[in-house]
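An overview of the molecular structure
Below, each chain spelled out in residue letters.
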Amino acid sequence: MVTATFHLQHDEEKALWDLLHYHNLKQETNADRDRYYRAKNVLKSLGIAIPVELEGINVVLGWPYKAVTALAKRCVLTGFATPSGSDLGLERIMYDSDLEVGAAIAHNGSARYGCHLAFVTPGEEQGDGVRVWLRPATHATARWDYRRHAPRSAMSIQDNDPITGLPRELNLYLPGKIVRLTQSSTGWIPERFPQRYPGVPVVPLRHEPDDEHPFGTSRITKPVMALTDSAMRTWARSEIAAEFFSAPQRYLINASRDVFADDNTGELRSQWESIIGRIWAIPPSDNPDDPDIQVGQFAAASQQPHMDQLRQIASLLAAEISIPAEMLGVKQDANPSSEGALEVLERPLVTAARDAIRTFGVDWRRVAMLAIQIRDDLDTPGEELLSIRPTWMDPAMPSATQAAAAVTQQVTAGILPADSDIALERLGYTRPEIDRIREHRATAAPSDVARLTDVLSRTQPDPQAAPPNADGLKVQFEALGQAIRAGVDPQEAAERVGLHGLSFTGAVPVSLRLPEQQAQALEDQ
């Protein structure tokens, strides 16, 4: 913890101590969630069914990890776009700030802690452009301005002491300036960097914010932690019961101490030797009046109650975090689920992912607008900047066949342009692949259909117009031939290209004839 500050202005020191207090206040909860996420939480025994000697049994359960990653892996940021098709240079900013990887980490951190903070600053060297730094809630914090719906101050821990783990370099973000605090032998030394941007260049990437939690809420909720503890106790009891099942308790009736003694030494055998040794071949007693020795075994407890309880807990947890119970490793049905059944089971998770993307999209848009404003020294965002939107992979993650069928139907219905980037995005193509497809389209020769469309679009039939010249007739007849080869009715094709009143003899020129196999296939249809 910071113990002293020097040479700070009054507003800076007040903001710093407020941020440090708020950060320390949240760290216990964040550390607890991190332990559950990394499966480092200890077994919380009730002190009844589990012996004290076995309370230290190593039981781990990765359900909180699955609660976070199941959602975060469906929130995939693919880039930014505007209606004009330009990304305003954000692709370069994403590359310089490694945001393709950083965005995935940020979404994971938001689902784990509630938020992940994005700090947007100009490069330290001339020509460095702008950088976006992403920090988790364990290494950064901010204070919320409800009036502006944005942070009023923020702090990030840039470096920790490797021995003590305490911060030794901090960044303080205030309106119009950034203060870097470095620990020295005499205290904390500030270094100020004035900023042209008048606000605080920080955007929280939030998961499910609400009125009481403007910085978002975690997927590792109290019910998730409680159900995980219950499942761990059930698993521990199952492990102990399995040990007794493997080595069941046995008994002997009417047996003397000599039965358990070694024949040569007279010493008692160990428990393990008594179970697997000659005790199962006890000779009869020399005295006929002695009762026979009876050997028996207690019935081992069944594992089924533990499995049933674990399945019930998994169902409760699956409902809490909106994922199928199968994703927790618990099979609810012996038969394999069909594709339609899996889609129904995953629908709550897809809905949760869409809701998360909606909030992430607002925050990433603010990050993009802030980065361009700082890069271009803009006081206010322009119209094109306001129109920028992040693009996302479909959280439903449809198969290639499903995506192709959906896009084909939308293109056929006229909803999507066939040659648009949106159609390619919904087919699952990445941005580099889309760029290569566009380049190929620009350089490839036009198809017959494209040429026919172009000719028809340039032909304006008008019955009252003057007869065309020889060149015009040549163009029209070339269009007529292409239309007939494309399968259009000859009379209708003639009308479309402007050759009104044209009579056909029924003879087909060789250049317009279909190959024999294609003609036969057409006749068969």
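What counts, and where the lines are drawn
- Residues numbered from 1 in each chain as written.
- Predicted model: local features only at pLDDT ≥ 70, side-chain atom pairs only at ≥ 80, totals over all residues.
- Heavy atoms only, no water.
- Helix = DSSP H or I, 4+ residues; strand = E, 2+ residues; numbered from the N terminus.
- Buried < 20%, exposed > 50% of the residue type's maximum accessible area, 1.4 Å probe, protein only.
- Contact = heavy atoms within 4.5 Å.
- Areas by Shrake-Rupley, 256 points an atom, 1.4 Å probe, with all protein chains shown as cover.
- Core = buried A, V, L, I, M, F, W, Y, C linked by side-chain atoms within 4.5 Å.
- Pairing = 2+ DSSP bridges.
- Axes fitted to C-alpha atoms, helices over the stretch in contact; angles between N-to-C directions.
- Phe/Tyr/Trp six-rings, centres within 6.5 Å; stacked < 30°, edge-to-face > 60°.
- Bend = angle between axes of the 7 residues up to and from the residue.
- Patch = residues over 30% accessible without salt bridge, like charges linked within 9 Å, V, L, I, M, F, W, Y side chains within 5 Å.
- Salt bridge = Lys/Arg side-chain N within 4 Å of Asp/Glu carboxyl O.
- Lys, Arg positive; Asp, Glu negative; His and termini not counted.
- Charge placed at Lys NZ, Arg CZ, Asp CG, Glu CD.
- Polar contact = N/O pair within 3.5 Å; in protein donor to acceptor, adjacent residues only side chain to side chain.
- Parallel < 35°, antiparallel > 145°, perpendicular 65-115°, else oblique.
- Nonpolar A, V, L, I, M, F, W, Y, C, P; charged D, E, K, R; others polar.

**Some remarks on the overall build of the chain**
Tallying secondary structure elements over the chain gives 16 helices and 12 strands in all. Sorting the 525 residues of the chain into buried and exposed places 35% on the buried side. For the chain, the proportion of contacts with a sequence separation of at least 24, taken over those separated by at least 6, is 61%. When the accessible area of the chain is evaluated, it comes to approximately 32000 Å², of which 53% is carbon and sulfur surface.

**Thoughts on the nonpolar core**
A general tendency of soluble globular proteins is for nonpolar side chains to be buried together. Ranked by size, the top nonpolar core spans 63 residues in total, and within it Trp63, Phe80, Val120, Val132, Leu134, Trp364 and Val367 carry the most contacts. Considering every element that reaches this core, the biggest residue donor is helix 8 (residues 339-376), with 14 residues. Here Leu134 is in contact with Leu99, Gly102, Ala103, Ala106, His116, Leu117, Ala118, Leu205 and Trp364, once residues within four sequence places are set aside.

**Brief notes about the sheet that holds strand 2 (residues 115-122)**
One open sheet holds the three strands; their spatial order is 3-2-9, and the pairing between them is antiparallel. The open sheet is flanked by strand 3 (130-136) and strand 9 (202-206), the only strands paired with a single partner. Going across the sheet, the axis of each strand differs from the next one's by a mean of 25°, ignoring polarity. Contacts from helix 4 (residues 99-113) reach strand 2, strand 3 and strand 9 within the one sheet, and its direction differs from that of strand 2 by about 140°.

**Regarding the packing of aromatic side chains**
Within this structure, the stated rule accounts for three aromatic pairs. With 5.1 Å between their ring centres and 45° between their planes, Tyr37 and Tyr65 make a pair best called tilted. Taken together, the positions of Tyr37 in helix 1 (residues 10-37) and Tyr65 in helix 2 (residues 63-72) put the pair 28 residues apart, joining distant regions of the chain. The class for Tyr37 is buried, based on a relative accessible area of 9%.

**Overview of helix 8**
Along helix 8, the helix axis deviates most sharply at Glu346, where the bend reaches about 45°; the proline Pro348 sits within four residues downstream. Following helix 8 by one or two positions, Asp377 has its phi on the positive side, about 55°.

**Considering a negative patch on the surface**
Taken together, the side chains of Glu208, Asp210, Asp211 and Glu212 present a region of like negative charge at the surface. Secondary-structure assignment places Asp211 in the loop between strand 9 and helix 5 (222-246). For Asp211, a relative accessible area of 72% translates into the label exposed.

**Description of the pairing of strand 9**
Of all five residues making up strand 9, five are buried, and the element is well covered by its neighbours. Burial of the side chains of strand 9 extends over both faces: Val202, Pro204 and Arg206 are buried on one face and Val203 and Leu205 on the other. Pairing analysis gives five bridges linking strand 2 to strand 9, with the strands arranged antiparallel. For Leu117, the partnering residue across the bridge sits in strand 9 and is Pro204.

**Some words on the pattern of salt bridges**
Using the criterion set out here, one finds 20 salt bridges in the structure. Among the salt bridges present, the one from Asp159 reaches Arg168, with a minimum N-O distance of 2.7 Å. A residue is classified by how much of its surface remains accessible, and Asp159, at 30% relative accessible area, is partly exposed. Take Arg168: its relative accessible area is 34%, and that puts it in the partly exposed class. Of the charged contacts in the structure, one is a salt bridge between Arg375 and Asp376, with a shortest N-O distance of 2.9 Å. For Arg375, a relative accessible area of 33% corresponds to the partly exposed category. Relative accessible area serves as the criterion here: at 37%, Asp376 is assigned to the partly exposed category.

**A few points about the side chain of Ser156**
Within the fold, Ser156 resides in strand 5 (residues 150-160). Among the polar contacts made by the side chain of Ser156, one reaches the side chain of Gln158 at a distance of 2.7 Å. Once you skip the residues sitting within four places of it in the chain, Ser156 turns out to touch Phe119, Arg135, His139, Ala140, Glu169, Leu170, Asn171 and Tyr173.

**Remarks on the packing of helix 1 against helix 4**
Direction vectors running N to C along helix 1 and helix 4 enclose 110°, while the axes themselves pass 10 Å from each other. Put simply, helix 1 runs roughly perpendicular to helix 4. Side by side, helix 1 and helix 4 meet where Asn30, Arg33, Asp34 and Tyr37 of the first sit next to Asn108, Arg112 and Tyr113 of the second. Partitioned by chemical class, the residues of the contact of helix 1 with helix 4 number two nonpolar, two polar and three charged.

As far as function goes, none of this settles anything; it's purely spatial.
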